[in-house]
Amino acid sequence: MPKLLEAGILYVSEDFHTAAHICACGCGQKVRTPLGPTEWTVRNDTRGPTLRPSVGNWQLPCKSHYLITNGNVQWSNQWTEQQICAGRQKEHARRTEYYEARKPQVSWWRQLLDLVRQKLGL
Ligand SMILES: [Zn+2]
């Protein structure tokens, strides 16, 4: 990942599971988007990179919101405080769901065994 980023380029570091670019609005701020199953994903084809979900720079003064699709910037509506809040909650729920689904499950026979043990007073 270079220290100085050039505007209009999406930098992807697979080693650090992150992508970075200069904010598309032209404010010059560096925007980092972590990559992963619960974070952003980058798909690259001949037309250019596609970054999903959208980039919402709520923490920057410009508060810009856009999608990068096939190397092009598609502007999205600026979100209200409420929408930002709802978006964060959705993101949190998505993460929780992802990690919950990966927790080791107690299998049904194990539960049955425990039940039998209880009945038999073991
Ligand atoms: Zn900006």
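Because the structure is a prediction, the values reported are computed rather than measured. (Residues numbered from 1 in each chain as written. Predicted model: local features only at pLDDT ≥ 70, side-chain atom pairs only at ≥ 80, totals over all residues.)

Chemist: Quick rundown of the overall build of the chain? Include the residues and the values.
Modeler: Of the regular secondary structure elements, the chain holds 2 helices and 7 strands. When the helices and strands of the chain are placed in sequence order, the string is β-β-β-β-β-β-β-α-α. What you see for the chain is a C-alpha radius of gyration of 21 Å, clearly larger than the 14 Å of a compact globule of 122 residues, by over 25%. By principal-axis analysis of the C-alpha atoms, the chain measures approximately 70 × 35 × 25 Å. Expressed as a percentage of the 122 residues in the chain, the buried residues total 7%. In the chain, the share of contacts with a sequence separation of at least 24, taken over all contacts with a separation of at least 6, comes to 25%. (Helix = DSSP H or I, 4+ residues; strand = E, 2+ residues; numbered from the N terminus. Rg over C-alpha atoms; globule rule 2.2 N^0.38 Å. Buried ≥ 20, exposed ≤ 12 C-beta atoms within 10 Å, placed from the backbone. Contact = placed C-beta atoms within 7 Å.)

Chemist: So what's going on with the pairing of strand 7 (residues 72–75)? Which residues, and what values?
Modeler: In this sheet, strand 7 lies alongside strand 6 (residues 65–69) in antiparallel orientation, the contact comprising 4 bridges. Bridging across to strand 7, L67 finds its partner in Q74. Hairpin connection between strand 6 and strand 7: a loop of 2 residues separates the two successive antiparallel strands, and N70 in this loop has a positive phi of roughly 50°. (Pairing = 2+ DSSP bridges.)

Chemist: I'd like a description of the domain arrangement of the chain, backed by residues and values.
Modeler: When the domains of the chain are assigned, the result is domain 1 (1–78) and domain 2 (80–122). Summarising the inter-unit geometry, the C-alpha centres of domain 1 and domain 2 are found 32 Å apart. Between domain 1 and domain 2, the contact holds 4 residues from the first and 5 residues from the second. Considered class by class, the residues forming the side of domain 1 that touches domain 2 number 2 nonpolar, 2 polar and no charged. (Domains from an automatic or database assignment. Nonpolar A, V, L, I, M, F, W, Y, C, P; charged D, E, K, R; others polar.)

Chemist: Residues and numbers for the sheet that holds strand 1 (residues 11–13), please.
Modeler: Adjacent strands of a sheet form backbone hydrogen bonds with each other and so pair up, either parallel or antiparallel. The strand order 1-2-3 describes an open sheet built from 3 strands, whose pairing is antiparallel. Of all strands in the sheet, those with a lone pairing partner are strand 1 and strand 3 (30–34), marking the two edges. Neighbour to neighbour, the strand axes of the sheet diverge by 20° on average, direction disregarded. Bridge analysis of strand 2 (residues 18–22) against strand 3 gives 5 bridges, and the strand direction is antiparallel. Counterpart to A20 in the pairing with strand 3 is R32. (Axes fitted to C-alpha atoms, helices over the stretch in contact; angles between N-to-C directions.)

Chemist: Run through the nonpolar core, naming residues and quoting values.
Modeler: In this structure, A19, V31, L51, V55 and I68 together form the largest nonpolar core, which totals 5 residues. Once residues lying within four places of it in the same chain are set aside, the contact partners of A19 are L10, Y11, V12, T33, L35, W40, V42 and L51. (Core = buried A, V, L, I, M, F, W, Y, C linked by C-beta atoms within 7 Å.)

Chemist: Explain unusual backbone geometry to me, using residue names and the numbers behind them.
Modeler: Residue R52 is joined to P53 through a cis peptide bond whose omega torsion reads -10°. Mapped onto the fold, P53 is located in strand 5 (residues 48–56). Unusually for a residue other than glycine, H17 sits at a positive phi of about 50°. Note that H17 resides in the loop between strand 1 and strand 2. C-beta crowding within 10 Å serves as the criterion here: with 12 such atoms nearby, H17 is assigned to the exposed category. You will see that N70, though not glycine, has its phi angle at about 50°, which is positive. Within the secondary structure, N70 sits in the loop between strand 6 and strand 7. A residue is classified by how many C-beta atoms lie within 10 Å of it, and N70, with 13 of them, is partly exposed.

Chemist: Any details on helix 1 (residues 81–101)? Residues and values, ideally.
Modeler: The periodicity of an α-helix, 3.6 residues per turn, causes residues three or four places apart in sequence to face the same way. Compared with an ideal rise of 1.5 Å per residue, which puts 21 residues at 30 Å, helix 1 spans 30 Å between its outermost C-alpha atoms and is within 8% of the ideal. Counting buried residues along helix 1, only 0 of its 21 residues qualify, which leaves the element largely exposed. (Expected span 1.5 Å × (residues − 1).)

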